[in-house]
Amino acid sequence: MMKKLKKFMSPVTIVLFVVALTSIFNYKVIFAASDSDLSSTDQNTVNSAPTGLLMSNYFTIKNPTNNTSDKDFRFRSNSAFISNNNKVLVLAHGTATNSNDNTPGGLLGIGAVKNATGSYGAVWSNINNAYFEPAKPQTISAWLSFGSGAGSETINGQGMALVLQNNTDGSTEMGAGQQGLGVYGYDKTSKGFSSSTLATPEYVANTAVKHSIALEFDSQRQDTVSQVYLPTQYSSGYYSVNGFDTKNLTNITIPSIFPSGTSLGSGGPNGHIALTYPGNPKSYFAYPTPYGQDLDSSSAFFPFTDGYSLFHIHRQQNANLTDGRDDDGHTVAWHHLTFRWMPSADLKTATISYSYNDKELDGSLNSKDRIDDNITVDMGELGTITKDSKIYWGFTGANNNTDQNVASKLVSVESIPDLVNASAKTTITDKTLNKVMYDDPDSGLAGDDTDRKVAAGDNLELDYKLTYQDGREDWKDIVANIKLPKNITYNTDGGYIGTINYENGDSVSIPASAITAKSDGIQTIDNQKLQNLGGISATSKIADIVINGIAVNDTKADISVEDQPAIFTGSNNIVSTSTPKFTIMYKKDWTLNLTNSMTDPITLLYQQDNATLNLDTKLDYNGKTSPDFATNDKIHYQISLGSHNFTYETTVSSNSDNLSDQIPLRKVIEDEGLDFWDLFPNNSSQEITVTANDDDGIVSNSTTYNVTVEPNHLLEVKADPNLQFQTVNYLSPTEYIKRASNYDVTVTSYRNPWMLQVSATELTNGDTKFNGDIVNKSLNGTTVLTNNNATIATDDTSYDKETTTSIANLNKWSTDTGLLLKKYGLSSSKQYSGTLTWTIMDYDDSL
C-alpha cells in the first residue's frame, strides 16, 4: 500500500501544480483599471475634458508582449484604460502597481520589490480605421492633462509621449514605466557588493518600443544640478539608475543620426518637451554617475558608477506642462496639442511641426505659454516605409512611485490622422469700410496686417467657413456651437439670424430662436446641425455660416471686443476657430470731406513710357477741434475701379487743418499683381471712385475721377497689293519700263515721326530671271531696290491727330519717276513676278 501511495504522489502532480499556479499569475496580467481607480481630483479633470471623439472607436489597449521573454523586465502589464464617458484615455493613474510586476519569476514572488514600477500604460490606434500613413501629410489634434505641479520635485512624475511606431503587432508594444514613460527601454543595472554592471545600449533599446519616433512630454520637475533621483530597485539585484533626465552633461559628442538641436538629458524646472528615437541604441548614452558613495543613510551602499542618459532632440525647457491658471484665476488642467507630419518626397526624412498650448479650452486661440517647433527627423527610425505604409500611433504614459498622490496622465483626442482633414476659419468683414479682419487658427497669429478698428454703426458680417480637404471618411454628424462677439446687434430680419451656404448650392436659414442669451451677456448658437461635408457620399466640401449685424458703441470711449470661439464637433473630427479681436470706436460728431481738385477728364496716353496716374485729393473736417489732422494720423483710401477694389494708406506728416494727398494709383494697382494697361485699355473711358476714412472710423463722401485713355502713338503702312509694269517687246530698246497703272503706298501716323523703307526680290518665271531690277527713280537719282532695303520716304513731324500720307504724292511720282523697271539687256518673252516688302519704322534723326 505504501508503495502505491508513493507512486500516486509522484513528481507529475507537483509539475501540474506549478503549471496551474503559473496560469493563475498569467491571468492576473490583465489589469482591469477603471474610473474607480481615479482620485476625485482626476475624476473632475476627466469630467471637465474638452469635447473629444469616442475613444473606443479608434484605440485599443492590450497587455504588452514584446518583452515577456525577459525575466528581469518588470513592466508586464498595461495600466491604461478608457474613461467611463468614452472621451478620455487614462494612460497612468495614481501610484497603482500591478501585482504581477512584483513577481520576478520566482515562486510566490521571492526577491520582488513591491510597488516599484508605478502606474504606466500605452494606448495604440486601431490599425483598421485609425492608422497613420507616414508617406502622406498627417495631423493629430488632442488635449493633454498632466495634473498639478505643486509639491516636491517628484510629485508629478513622470509624463507621457505621443508615439509613432512601425511594428507588426504594434497594439501589444510597450516600453518601461517610470522614466521610460511606457515607450523607452529599461536601463537594467545589476548590483554587486562593491560594483555594478550596466546593460548594453542594445539591450535598453530592445526593451523600448522599436521602430518608433516619440514626442516626449516629461512633467517631472528638474530642480537640482546633476542627477536628480536615486536608483530604483525592481527585483533582487536589479535596478534602474533612473538617469534619463540627467542634467548638465557637457563635452558630449552627439551621434550623427540626430539632427541639430540635440542635447543629452533634460533641463528646466517645469518639465520639458523633446523628440526622441526610443528604439535606437544610440539614444542611450552611458555616463559616470555621482553614486560612488552612499546617497541615502537608510539604504545600503550604492556602487552605481555608470548610468544611461537619453538624447533629446529640440528640448523645450520650462514647458509648463502642469496645470496653469486662466485670467480669472481658475485652474486650467488641459493643454492643446496640434501635431503635423510632412514627409519628404523620397521618404527619407519628415518634418514634424507641433504647437503646444495653441488653444484655449473653449476652442479660441491661445498665445500664453505657447510652444511651437519644427523638427526634421529620419524616417528610417520607423523601419522600412513605402508609399503604402500604414503604421500605429498612440500615447504612452507613466507615473513615478511615491507615497504621495500622483496626477493621472490623460488624453482627449480631437482628430485622427487622415480620417478627416478639415479646417474652420473665421472672418469679420466691415462692409461699411470694405475691410476684412481675420485670424489664422493654424498659427495662432494675426493673419493680416489690417487694423482691427470699426466704427459704431458699421455693418459687420461674420463668416465661419468650414472646409473639408480630404480624408478616408466624410466629416459626419457635424454640430456647431458658436459664441457670438459682444457689442453687435445681430440682424434677425424675417426671423432668421443667419444662413448656412453649402458648396452644392443648398442654403439653410438659421432661425433667430436658435440664439440663447447667457448670464454673462454672451449670445450663443447651440447645437446647430450641419450637412455632412466631404467627397465620398457628401455633396459639399464647404459650408459657410454667415451672420450679419451692426457694431454698437453708445459710450464715449472705444470698446475692445474679445474673440469668441466656435467649435464644430463631428463624430469623426472636431475643429475649432475664433473670431478676431477688434475695437468699436466711439461715435464722432464731425464729418470728413473729400475733394477732387484735378482737371476732368484725366488723359492717359496708352502705354506711354513711364506713365503715372496720381490722383490728387484734398481732405478737411467739419466740426472737429483744431488741429483737424494731427501728426502720425492714418488716412485710409478705398478706391473702386470697375470690379476691382483697392486700398491706400497715408500718414499725416504734421499738424494741419486740411490735408492734400496724392494716390499713386498705378503703383497701387501693380502692387496687387495686376497689369495697369489691362484696366486702362486703349480708346476707353474709366471712372474711379474714391472714399477716405480715418482711424476714428469717420467716412468721407465719395468723389469720382474720370480717365480717358487715348492712343499714345500710331504708325502703320498700307500698300496697293499689286504693282504691274507695261508689256514690252523683248527687243525694245527702252531702258525704263513704266508702271501699267496707278500705284500708291500710304503711311498713317499719330505722334510718331517715321521713315519708310522698301526692298524687292528678283523678277522670275520659274528658273528664268528677268534681266533687270526694280528701282526707285527720282530727281535725285535712281536707287536699285532688288535685294536692297532702301529708305524711300521720311516724315519727322509728330502729328497731334491721326494723319495719312500718300507716298506717291509725297515723292511726286509721275509716269517717269517712282517705282520703275530698269532693263539691262534682252530677256525671254515671259511673264515675270516678284515681291515688294514695305517697312515702316520710327524716324531716325541721324539720317
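About the criteria used
- Residues numbered from 1 in each chain as written.
- Predicted model: local features only at pLDDT ≥ 70, side-chain atom pairs only at ≥ 80, totals over all residues.
- Heavy atoms only, no water.
- Helix = DSSP H or I, 4+ residues; strand = E, 2+ residues; numbered from the N terminus.
- Contact = heavy atoms within 4.5 Å.
- Areas by Shrake-Rupley, 256 points an atom, 1.4 Å probe, with all protein chains shown as cover.
- Core = buried A, V, L, I, M, F, W, Y, C linked by side-chain atoms within 4.5 Å.
- Buried < 20%, exposed > 50% of the residue type's maximum accessible area, 1.4 Å probe, protein only.
- 1 Å grid on protein atoms, 1.4 Å probe; cavity = no way out; pocket = protein on both sides within 12 Å on 5 of 7 lines; lining within 4 Å.
- Points joined across faces, edges and corners; volume = space filled by probe spheres on them.
- Nonpolar A, V, L, I, M, F, W, Y, C, P; charged D, E, K, R; others polar.
- Polar contact = N/O pair within 3.5 Å; in protein donor to acceptor, adjacent residues only side chain to side chain.
- Phe/Tyr/Trp six-rings, centres within 6.5 Å; stacked < 30°, edge-to-face > 60°.
- Lys NZ or Arg CZ within 6 Å of the ring centre and 35° of its normal.
- Pairing = 2+ DSSP bridges.
- Axes fitted to C-alpha atoms, helices over the stretch in contact; angles between N-to-C directions.
- Patch = residues over 30% accessible without salt bridge, like charges linked within 9 Å, V, L, I, M, F, W, Y side chains within 5 Å.
- Salt bridge = Lys/Arg side-chain N within 4 Å of Asp/Glu carboxyl O.
- Arc of directions from axis to C-beta.
- pLDDT = per-residue confidence, 0-100.

K.L.:
Help me understand the overall build of the protein in this model?
P.N.:
Looking only at helices and strands, one finds seven helices and 57 strands in the protein. A sequence separation of at least 24 residues applies to 75% of the contacts in the protein between residues at least 6 apart. Of the accessible surface of the protein, which amounts to about 38600 Å², a share of 47% is contributed by carbon and sulfur atoms.

K.L.:
Sorry if this is basic, but what is going on with the nonpolar core here?
P.N.:
Considering soluble globular proteins, one finds that nonpolar side chains tend to be buried as a cluster. In terms of nonpolar packing, the biggest core is built from 52 residues, with Leu 144, Phe 217, Trp 341, Trp 393, Phe 395 and Val 413 touching the most fellow members. No other element matches the four residues that strand 19 (residues 349-356) contributes to this core. Grouped together as the second largest cluster of nonpolar side chains are 39 residues, Tyr 468, Tyr 490, Ile 500 and Ile 559 included.

K.L.:
Would you explain the layout of surface pockets in this entry?
P.N.:
Gaps left between atoms show up when a probe the size of a water molecule is rolled over them. Put simply, the second largest pocket is a space of about 790 Å³. In terms of lining residues, the second largest pocket is bounded by 32 residues, among which Phe 725, Leu 763, Leu 821, Tyr 832 and Ser 833 are the most central. When contributions to the lining of the second largest pocket are tallied by element, the ones reaching two or more residues are strand 56 (818-823) and strand 57 (836-842). Looking at side-chain class alone, the lining of the second largest pocket contains 16 nonpolar, 13 polar and three charged residues.

K.L.:
Please explain the environment of Asp 372 as it appears in this structure.
P.N.:
When you line up the elements, Asp 372 lands in strand 20 (residues 371-378). Taking the relative accessible area as the measure of exposure, Asp 372 reaches 43% and is therefore partly exposed. Along the backbone, Asp 372 and Tyr 356 are 16 residues apart, and their C-alpha atoms lie at a distance of 6.4 Å. Excluding its chain neighbours within four sequence positions, the residues that come into contact with Asp 372 are Tyr 354 and Ser 355. At a separation of 2.5 Å, a polar atom in the side chain of Asp 372 contacts the side chain of Ser 355. A distance of 2.7 Å separates the side chain of Asp 372 from the side chain of Arg 370, its partner in a polar contact.

K.L.:
Help me out: how do you make sense of the packing of aromatic side chains in this one?
P.N.:
Think of a pair of aromatic rings as described by two things: how far the centres are apart, and how the planes are tilted against each other in angle. Scanning the model with the defined rule gives 21 aromatic pairs in all. A centroid spacing of 5.7 Å and a plane angle of 80° characterise the contact between Phe 132 and Trp 341, whose relative ring orientation is edge-to-face. Placement of the pair is Phe 132 in the loop between strand 4 (120-125) and strand 5 (138-145) and Trp 341 in strand 18 (residues 335-343), with a sequence separation of 209 residues. On the basis of relative accessible area, Trp 341 is assigned to the buried category, the value being 1%. Each ring, one from Trp 393 and one from Phe 395, has its centre 6.1 Å from the other, and the planes form 75°; the classification is edge-to-face. Side by side, Trp 393 and Phe 395 carry an identical accessibility label, which is buried. Stacked on the ring of Tyr 736, the Lys or Arg Lys 777 has its end atom at 4.2 Å from the ring centre.

K.L.:
Even after reading the chapter, I still don't get the sheet that holds strand 44 (residues 684-694), so can you show me in this structure?
P.N.:
Across a sheet, paired strands are connected by hydrogen bonds in the backbone, their directions being either parallel or antiparallel. Spatially, five strands are ordered 39-45-44-41-42 in an open sheet, and the strand pairing comes out mixed. Among the strands making up the open sheet, the edge pair consists of strand 39 (602-605) and strand 42 (644-651). For this sheet, the mean angle separating the axes of adjacent strands, direction not counted, is 30°. Sheet topology places strand 44 next to strand 45 (residues 699-710); nine bridges connect them, and they run antiparallel. Within strand 45, the position partnered with Ser 684 by the bridge is Val 709.

K.L.:
Could you clarify how one ought to interpret a nonpolar patch on the surface in this entry?
P.N.:
Taken together, the side chains of Tyr 730, Leu 731 and Leu 826 define a hydrophobic patch exposed on the protein surface, amounting to about 320 Å² of accessible area. Mapped onto the fold, Tyr 730 is located in the loop between strand 46 (714-719) and strand 47 (736-737).

K.L.:
Mind showing me how you'd approach the environment of Thr 427 here?
P.N.:
Along the chain, Thr 427 falls in strand 23 (residues 421-430). Between the alpha carbons of Thr 427 and Leu 462 there is a distance of 6.0 Å; along the sequence they are 35 residues apart. In this structure Thr 427 touches Val 436, Met 437, Tyr 438, Glu 461, Leu 462 and Asp 463, once residues within four positions along its chain are discounted.

K.L.:
When you look at the pattern of salt bridges in this model, what are you seeing that I'm missing?
P.N.:
Pairing between side chains of opposite charge can happen when the charged atoms of each approach one another. Within this structure, the stated rule accounts for 14 salt bridges. For Asp 388, the salt bridge goes to Lys 387, with nearest N and O atoms at 3.4 Å. Judged by its relative accessible area of 61%, Lys 387 is exposed. Between Lys 738 and Asp 816 there is a salt bridge, with the nearest N and O atoms lying 3.1 Å from each other.

K.L.:
Help me understand unusual backbone geometry, please; the structure alone is not making it clear to me.
P.N.:
For the bond running from Asp 600 to Pro 601, omega is 0°, close enough to zero to count as cis. Within the secondary structure, Pro 601 sits in the loop between strand 38 (591-596) and strand 39. Look at Leu 347: it is not a glycine, yet its phi comes out positive at around 60°. Here Leu 347 is to be found in the loop between strand 18 and strand 19. The backbone phi angle of Asn 610 is positive, close to 60°, even though this residue is not glycine. Looking at where Asn 610 falls in the secondary structure, it is placed in the loop between strand 39 and strand 40 (614-622). Accessibility expressed as a relative area gives 76% for Asn 610, which makes it exposed.

K.L.:
Looking at this structure, I do not really get the side chain of Ser 364. What am I missing?
P.N.:
By the element assignment, Ser 364 lies in the loop between strand 19 and strand 20. Every residue in contact with Ser 364, bar those within four places of it in the chain, is listed here: Asp 358, Lys 359, Asp 563, Pro 565, Thr 577 and Ser 578.

K.L.:
Looking at this structure, how should I read helix 3 (residues 40-47)?
P.N.:
In an α-helix, one turn spans 3.6 residues, which is why side chains three or four residues apart end up on the same side. Three or more residues of helix 3 are buried, namely Asp 42, Gln 43, Thr 45 and Val 46. Buried residues of helix 3, viewed axially, fall in a sector of 155°; they line one side. Helix 3 presents Ser 40, Thr 41, Asn 44 and Asn 47 as exposed residues on the side facing more than 90 degrees away from its buried surface. Buried residues along helix 3 sit in contact with strand 5 and strand 22 (409-415).

K.L.:
When you look at the environment of Met 841 in this model, what are you seeing that I'm missing?
P.N.:
Within the secondary structure, Met 841 sits in strand 57. Considering only alpha carbons, one finds Met 841 and Trp 754, 87 residues apart in sequence, at a separation of 5.6 Å.

K.L.:
Sorry if this is basic, but what is going on with the confidence of the model for the protein here?
P.N.:
The predicted coordinates should not be examined in detail at positions where pLDDT is low. Predicted confidence across the protein gives a mean pLDDT of 86, with 87% of residues reaching 70 or more. Contacts for the low-pLDDT stretch residues 1-31, under 50 throughout, to residues beyond four places or in other chains number 17 contacts. In the predicted structure, residues 105-109 sits below a pLDDT of 50 and forms five contacts with residues beyond four places in sequence or in another chain.

K.L.:
Teacher, can you tell me more about the pairing of strand 9 (residues 212-218) here?
P.N.:
Looking along a regular strand, one sees side chains alternate from face to face of the sheet. Strand 9 sits mainly inside the fold: seven of its seven residues count as buried. Judged by which residues are buried, strand 9 turns out to be covered on both faces: Ser 212, Ala 214, Glu 216 and Asp 218 on one side and Ile 213, Leu 215 and Phe 217 on the other are all buried. As paired strands, strand 6 (residues 158-165) and strand 9 are joined by seven bridges and run antiparallel to one another. Across the sheet, residue Met 160 finds its bridge partner in strand 9, namely Phe 217. Across five bridges, strand 9 lies against strand 13 (residues 272-276) in antiparallel orientation. Bridge pairing links Ala 214 to Thr 276 in strand 13.

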